[in-house]
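Each chain is listed here by its residues.
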Amino acid sequence: MRLGLLVVTSPQVLEPTVRNALRSPRMLRTEVLAGLVVALALIPEAISFSIIAGVDPRVGLFASFTMAVSVAFLGGRPAMISAATGAIALVIAPVVREHGLDHLVATVLLGGMLQVVLGLAGVARLMRFVPRSVMVGFVNALAILIFLAQVPHMIDVPWLVYPMIAIGIAVIVGLPRVTDVVPAPLVAIVALTAFTLLAAINVPTVGDEGELPESLPSLFFPDVPMTLETLRIIAPYALAMALVGLLESLLTAKLVDDITDTRSDKTREACGQGVANIVTGFFGGMGGCAMIGQTMINVKASGARTRISTFLAGVFLLILVVGLGDVVALIPMAALVAVMVMVSVGTFDWHSIKPRTLRRMPRSETVVMASTVVVTVLSHNLAIGVVVGVLVAMTLFARRVAHLTETRRELVEDRGGRPTAVYHVTGELFFASSNDLYTQFDYATDPRDVVIDLTRSHIWDASTVASLDAITTKYARAGKTVEIIGLDASSAERHQRLSGSLPSH
């Protein structure tokens, strides 16, 4: 009797690359539709950011096109969306207000160059100093800001807007449970637009946000004097733009890395952002960086994973605003509000605020997360919030480590019977812990010979050397001698180099 074996093989999962996407109709459909949804969501955002910056809507829209297309080729994080952003708009708004569009473009060009320089200098490596609690606060603050950005579209509007938003949310939540052939946000936008046109109802539309351009972008060279005075004017804003743009882009890349369980090239991303801003400047754009909300639409809501979606988001944006501007202008804002509200809900880390999580989490971690959220929401600037969060985390860490330093006193006798006080110091010695070290010694009652044993310690900075000098000096005034032993090579070199050369305070 012959036995037959049935071998069942699981379907092969294709790696999300551009080549595989072009070979797989299913993956390609996902990328194309994701790019279309992102393009639709970009239009009102780019117009709004243009208004914040004080420029014509076409400046923001064309910046979004050039940023998206450039980063699709140059960036280090596939599927991440870069375009004109609110953070960049806030930074460059004073330049436009005080000096005009030409100085703005010059600022964008210089900012892009600075980003390339910072990228080549290895600024991406600084991401390792951003703690997890800051990242959680960054994500939660982002979700809150995305939601708050929709609030103006829900105030002083016809009552029909509210049920339309509710229907849009219901479609986005319910459709994926039935089918994922078409992204739910795209279905919601199309359905609500069709309803608005067929029912002939009067609700706010994309066209109400600003006039859409009717021509393609063209090369633009800023008419500014090539002088040190011009550099003095634009340099501070260009540096701020470069830092804010890189911070948001690298944090967004890290977030997408976590969501997709893949790694990105942060150095390439930093340099790519810079080159993209240079290209954008030469087309008269306002500059930009990674857009976290639109990236979440692309990656989480639509399931895109490759550079195709990023490239098509820019291409579709240009086609929609230039070629189909009259049609796009009819899209009700309620549809886009519904999409962004669900992006906000999906972005927020709800696990981080559960009572069980808060009870288990160290209080310092919660403080760091909360400070990041509060500062970001109040300033409406993700970069400022992250910087404050990192500073709070560093301060709390230094305070916690400082309390781990211990000093133990032991009284011994040498071979001649002379008493010696030996202080065994354990822990890391730096500015926070060494300031308390001075008070740990019994200067009045110690014998003439004192030994400070640093075998289980390490000297990290000049503050510690200054503290040891102060201890030695105070003993010397009482006619007592101090010997410091147990220094490792690095600590010994630092102590020998700095001891006696630091002023006492």
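The structure we're discussing is the one just above.
Just so it is clear, the structure is predicted and the values come from calculations on it, not from any experiment.

**Student:** Help me understand the nonpolar core, please; the structure alone is not making it clear to me.
**Tutor:** Among soluble globular proteins, nonpolar side chains are generally buried collectively. Residues Ile-43 and Met-286 are the most contacted members of the largest nonpolar core, which totals 92 residues. A per-element tally of this core places helix α2 (residues 25-53) first, with 12 residues. Discounting chain neighbours no more than four positions away, the residues touching Ile-43 are Leu-61, Val-206, Leu-212, Leu-317, Leu-320, Val-321 and Val-328. One finds Ala-421, Phe-441, Ile-471 and Tyr-475 within the second-largest nonpolar core, a separate group that totals 16 residues.

**Student:** Sorry if this is basic, but what is going on with the packing of aromatic side chains here?
**Tutor:** Two descriptors summarise a pair of aromatic rings, namely the distance from one centre to the other and the angle between the planes of the rings. One pass over the full model with this rule turns up nine aromatic pairs. Relative to Phe-431, the ring of Phe-430 has its centre 5.2 Å away and its plane inclined at 90°; by these criteria the two rings are edge-to-face. Aromatic ring contacts, followed pair by pair, group Tyr-423, Tyr-438, Phe-441, Tyr-443 and Tyr-475 into a single cluster. Its end group placed over the ring of Tyr-443, Lys-474 keeps NZ or CZ at 4.5 Å from the ring centre.

**Student:** Just checking my understanding: could you explain a positive patch on the surface for this structure?
**Tutor:** On the surface, a cluster of positive charge is contributed by Lys-354, Arg-356, Arg-359 and Arg-360. Relative to the elements of secondary structure, Arg-359 occurs in helix α15 (residues 355-360).

**Student:** Hey, could you run me through the pairing of strand β5 (residues 449-459) in this one?
**Tutor:** On a regular strand, one side chain projects to one face of the sheet and the next to the other, so that they alternate. Within β5, nine of the 11 residues are buried, which leaves it mostly tucked inside the rest of the structure. Sheet analysis places strand β4 (residues 419-429) next to β5, joined by nine bridges and oriented parallel. The residue bridging Tyr-423 from the neighbouring strand is Ile-452, located in β5. Here five bridges tie β5 to strand β6 (residues 481-485), and the two strands are oriented parallel to one another. Its bridge partner lying in β6, Val-451 is registered against Glu-483. Following the backbone out of β5, through helix α19 (residues 462-477) and into the adjacent parallel β6, one traces a crossover that is right-handed.

**Student:** I keep staring at helix α6 (residues 132-150) and nothing clicks. Help me out?
**Tutor:** Because each turn of an α-helix spans 3.6 residues, side chains separated by three or four positions in sequence point in the same direction. For α6, spanning 19 residues, the distance from its first C-alpha to its last is 28 Å, which sits close to the expected 27 Å at 1.5 Å a residue. Most of α6 sits out of view: 14 of its 19 residues are buried.

**Student:** Looking at this structure, I do not really get the pairing of β4. What am I missing?
**Tutor:** The element β4 is largely enclosed, with a buried count of eight among its 11 residues. Summarising the sheet, strand β3 (residues 406-413) and β4 pair through eight bridges and their orientation is antiparallel. Residue pairing in the sheet places Arg-409 in a bridge with Tyr-423 of β4. Each parallel crossover has a hand, and for β4 linked through helix α18 (residues 431-437) to β5 it is right-handed.

**Student:** Help me understand a negative patch on the surface in this model?
**Tutor:** Judged by side-chain charge, Asp-56, Glu-211, Glu-214 and Asp-326 come together as a negatively charged surface patch. Within the secondary structure layout, Asp-56 lies in the loop between α2 and α3 (57-74). Its relative accessible area of 42% is what places Asp-56 among the partly exposed residues.

**Student:** Would you take a moment to explain unusual backbone geometry for this structure?
**Tutor:** Peptide bonds are, in most cases, trans, and in most cases residues other than glycine have a negative phi. Look at Ala-79: it is not a glycine, yet its phi comes out positive at around 75°. Relative to the helices and strands, Ala-79 resides in the loop between α3 and β1 (82-83). By relative accessible area, Ala-79 is classed as buried at 2%. Residues other than glycine seldom take positive phi values, yet Asp-156 does so here, at roughly 55°.

The rules behind each value
Residues numbered from 1 in each chain as written. Predicted model: local features only at pLDDT ≥ 70, side-chain atom pairs only at ≥ 80, totals over all residues. Heavy atoms only, no water. Core = buried A, V, L, I, M, F, W, Y, C linked by side-chain atoms within 4.5 Å. Buried < 20%, exposed > 50% of the residue type's maximum accessible area, 1.4 Å probe, protein only. Helix = DSSP H or I, 4+ residues; strand = E, 2+ residues; numbered from the N terminus. Contact = heavy atoms within 4.5 Å. Phe/Tyr/Trp six-rings, centres within 6.5 Å; stacked < 30°, edge-to-face > 60°. Lys NZ or Arg CZ within 6 Å of the ring centre and 35° of its normal. Patch = residues over 30% accessible without salt bridge, like charges linked within 9 Å, V, L, I, M, F, W, Y side chains within 5 Å. Areas by Shrake-Rupley, 256 points an atom, 1.4 Å probe, with all protein chains shown as cover. Salt bridge = Lys/Arg side-chain N within 4 Å of Asp/Glu carboxyl O. Lys, Arg positive; Asp, Glu negative; His and termini not counted. Charge placed at Lys NZ, Arg CZ, Asp CG, Glu CD. Pairing = 2+ DSSP bridges. Right-handed = clockwise from strand over helix to strand, strands pointing away. Expected span 1.5 Å × (residues − 1).

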